[in-house]
Amino acid sequence: MINLLAIDWLLLLEKLILIAIVILASLFIAMYETYAERKIAAFMQDRIGPNRAGPLGILQPLADGMKLFFKEEIIPNSSNKILFVLGPSLAMLTAMMTCAVVPWGGDINLFGRTISLQIADVNIGILYVFAIVSLGIYGVMIGGWSSNNKYSLLAALRGASQVISYELAMGLSLIALLMMSGSLSLKTIVAQQMQTHWNVLYQPLGFLIFFVCALAECNRTPFDLSEAENELNMGYHQEYSSMKLGFYLFAEYVNMFISSAIMATLFFGGYDIPFFNESAHTDWGNWLALLGIACFMLKIAIFIFLFMWIRWTVPRFRYDQLMNLGWKKLIPLALANMLITGAVILWLKK
Amino acid sequence: MTATEILFWFLSILALFSALMVLISKNPVHSVLWLIVVFFAISGHYILLNAQFLTIVNLIVYAGAIMVLFLFVIMLMNLNSNTEPQRNSLIKLAGVIGGCLLLTVMVSAVRSAGEVSNNRALMNEGDIGLIQNLGKILFTQYVVPFELSSVLFLSAMVGAVVIGKKE
């Protein structure tokens, strides 16, 4: 007999609703990131940008999405069909999976239940993010290889080696942060920052390294070598068309949103409201939680703007420069940061 | 059957099926991808044993790093089905016999080991797999083997650099 009644069905329902909201919200935000990117690019290059669809071009992402859906779908004859479809699906899946451990806000009370605005508070939160980030490269590699095109394959290999290289520096820069917090749970890290100061004050170098690595992990300029169009035509998604191409492009924007959320959580207090003591205003209830979410979203928006600002300002690295920066500069810097943090912690404890 | 048992059987069947597919697949890239599925299924077993840290490290190290390098090498090799050397049947037979003998030795070694013969696996409980307990034990009780194995890794890295530098 199947005994499934032991499961708390209400909790399951609550989590399913939360997952649906988070996924829809990240897709919606990713959609408007494309609009923001075009508008910011236009502003920096002294143009107007999209302004035809709706007032101020606000419906442009919808029009772009419709265009991608209605385009003819071409699967190359010599490609590996199953893997060709699997590639963009994996890219999108891994982009969405990271949001499971991000604490989006404090607890809210609805219908007499206290609902945590985090899908899963696992005690290895940061490592989970790392695992998913390191799996994200399979979407690119499988897509590049199965297209059966030399340019795609080269771009995919470039992308994979870039992600592997920068993951190391990213992990090392986080070890210093973990030595201070003593916990891997993202919710605990946010709670600690709410009581004291934001981690960026204690770990400025760690944050800088993490930010550079996040740029590289998201394949954003100046690290977008896997889609360097002047060397590799279009990169790993050259053979893709229609919404499969759309998935690859879209996954990049979802990644950008999630990595901004991770950075805001780890270094900038997550849903902490700046210069405001939350524990003194617990009688505000749900409004306090909503205000926290608004602050979190604002922090994320600032990071996303920073990503775009950098994209339209800095030119692309050469491949050897990219590898030099990753292996010979960021990793030693991160190691030094780790040693200094350890020494300071020991000194303070004495 | 409880939910844990259903998950256990699902993950076991998935692990065995994809392990078979690793061997059966003609295309080496497919073999690597099936091997990644095997790692996922085994990580699922770790979660059932309440060892989240082992789960995630298994995913990061094996699925996230080592298998990417495997894919790298295999994608760069231009493997055609007709260039693969055909081994004769005597070697195949020897391989099968050798594999079966190894399996027998390993199964009997595990079954007769005193620590496991009388114990059952703890499902959904037991906290040795959590990062705090694992770290404490690794750095107190087992610190010498732990450091020795890290020296071993270092020597492997130095060896790789030496081989890579040699022209």
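Residues numbered from 1 in each chain as written. Chains lettered and ligands numbered in written order. Predicted model: local features only at pLDDT ≥ 70, side-chain atom pairs only at ≥ 80, totals over all residues. Heavy atoms only, no water.

S.K.: Explanation requested: the overall build of chain B in the structure shown.
M.R.: When its secondary structure is counted, chain B shows seven helices and zero strands. Reading the helices (α) and strands (β) of chain B from amino to carboxyl end gives α-α-α-α-α-α-α. By residue count, 22% of the 167 residues in chain B fall in the buried class. Considering only intrachain contacts with a sequence separation of at least 6, the fraction spanning at least 24 residues in chain B is 58%. (Helix = DSSP H or I, 4+ residues; strand = E, 2+ residues; numbered from the N terminus. Buried < 20%, exposed > 50% of the residue type's maximum accessible area, 1.4 Å probe, protein only. Contact = heavy atoms within 4.5 Å.)

S.K.: Could you clarify how one ought to interpret the overall build of chain A in this entry?
M.R.: Scanning chain A for helices and strands turns up 13 helices and two strands. Its C-alpha atoms put chain A at 60 × 60 × 50 Å along the principal axes. Per-residue burial over chain A gives 51% buried out of 350 residues. Counting only contacts in chain A whose residues sit at least 6 apart along the sequence, the fraction spanning at least 24 positions is 79%. Of the roughly 17,000 Å² that chain A leaves accessible, carbon and sulfur atoms contribute 71%. Charged side chains of chain A number 22 positive and 22 negative; the gap between the two group centres comes to 5 Å. (Areas by Shrake-Rupley, 256 points an atom, 1.4 Å probe, with all protein chains shown as cover. Lys, Arg positive; Asp, Glu negative; His and termini not counted. Charge placed at Lys NZ, Arg CZ, Asp CG, Glu CD.)

S.K.: Please explain the packing of aromatic side chains as it appears in this structure.
M.R.: One pair of aromatic rings is described through two measures. These are the centre distance and the angle between the planes. What the rule picks out here adds up to 23 aromatic pairs over all chains. Relative to Phe268 of chain A, the ring of Trp198 of chain A has its centre 5.8 Å away and its plane inclined at 65°; by these criteria the two rings are edge-to-face. With Trp198 of chain A in the loop between helix 7 (186-195) and helix 8 (199-202) and Phe268 of chain A in the loop between helix 11 (242-267) and helix 12 (286-311), this residue pair connects regions lying 70 residues apart in the sequence. On the basis of an interplanar angle of 35° and a centroid distance of 5.2 Å, the ring pair of Phe39 of chain B and Tyr62 of chain B is categorised as tilted. Here Tyr62 of chain B lies in helix 3 (residues 52-76) and Phe39 of chain B lies in helix 2 (residues 28-48), a separation of 23 residues in the sequence. Among the residues examined, Phe39 of chain B registers a relative accessible area of 15% and is labelled buried. On the accessibility criterion, Tyr62 of chain B (37% relative accessible area) is partly exposed. (Phe/Tyr/Trp six-rings, centres within 6.5 Å; stacked < 30°, edge-to-face > 60°.)

S.K.: For this particular structure, what's the right way to read the packing of helix 4 (residues 125-135) of chain A against helix 6 (residues 150-181) of chain A?
M.R.: In a packed pair of helices, the relevant descriptors are the angle between the two axes and the axis-to-axis distance. Residues and elements named next belong to chain A. It is at 12 Å that the axes of helix 4 and helix 6 come closest, and there the two elements cross at 175°. Judged on the interaxial angle alone, helix 6 and helix 4 are roughly antiparallel. Of the residues in helix 6, those in contact with Ile126, Phe130, Val133 and Ser134 of helix 4 are Glu167, Met170, Gly171, Leu174 and Leu178. Of the residues that constitute the contact of helix 4 with helix 6, the class distribution is six nonpolar, two polar and one charged. (Axes fitted to C-alpha atoms, helices over the stretch in contact; angles between N-to-C directions. Parallel < 35°, antiparallel > 145°, perpendicular 65-115°, else oblique. Nonpolar A, V, L, I, M, F, W, Y, C, P; charged D, E, K, R; others polar.)

S.K.: So what exactly am I meant to see when it comes to the pattern of salt bridges here?
M.R.: Close approach of charged atoms allows side chains with opposite charge to pair. Following the criterion strictly, the structure yields six salt bridges over all chains and no others. The network of salt bridges with common partners includes Glu37, Arg220, Glu252 and Arg311 of chain A. (Salt bridge = Lys/Arg side-chain N within 4 Å of Asp/Glu carboxyl O.)

S.K.: Would you mind going over the interface of chain A and chain B with me for this structure?
M.R.: Quite often, the size of an interface is put as the accessible area lost when its parts meet. Taken together, the contacts link 25 residues of chain A with 26 residues of chain B. Taken together, both faces of the contact between chain A and chain B bury some 2,200 Å²; the carbon and sulfur share is 80%. If you look at where chain A meets chain B, you find zero salt bridges. There are two residue pairs in polar contact (both at pLDDT 80 or more) connecting chain A and chain B. Looking at the side of chain A that touches chain B, the elements that each hand over two or more residues are helix 4, helix 5 (137-146) and helix 6 of chain A. (Buried area = accessible area lost by both parts, 1.4 Å probe. Polar contact = N/O pair within 3.5 Å; in protein donor to acceptor, adjacent residues only side chain to side chain.)

S.K.: Just checking my understanding: could you explain a nonpolar patch on the surface for this structure?
M.R.: Residues and elements named next belong to chain A. A cluster of nonpolar side chains, Phe43, Met44, Phe305, Trp309 and Trp312, forms an exposed patch at the surface whose accessible area comes to about 540 Å². Of all elements in the fold, only helix 1 (9-44) and helix 12 reach the threshold of two or more residues within the nonpolar patch. For Trp309, the position within the fold is in helix 12. Under the relative-accessibility criterion, Trp309 is labelled partly exposed at 44%. (Patch = residues over 30% accessible without salt bridge, like charges linked within 9 Å, V, L, I, M, F, W, Y side chains within 5 Å.)

S.K.: Just checking my understanding: could you explain the confidence of the model for chain B for this structure?
M.R.: Where the model shows low pLDDT, its predicted coordinates should not be examined in detail. Here chain B averages 84 in pLDDT, while 84% of its residues score no lower than 70. The secondary structure element of chain B with the lowest average pLDDT is helix 5 (residues 114-117) of chain B, at 63, and the one with the highest is helix 7 (residues 143-165) of chain B, at 91. (pLDDT = per-residue confidence, 0-100.)

S.K.: I would appreciate a short explanation of helix 7 of chain A in the present structure.
M.R.: Because the α-helix completes a turn every 3.6 residues, residues three or four places apart line up on one side. Among all positions of helix 7 of chain A, only Leu186, Lys187, Ile189, Val190 and Gln193 of chain A are buried. One face of helix 7 of chain A carries all of its buried residues, which in axial projection span an arc of 160°. (Arc of directions from axis to C-beta.)

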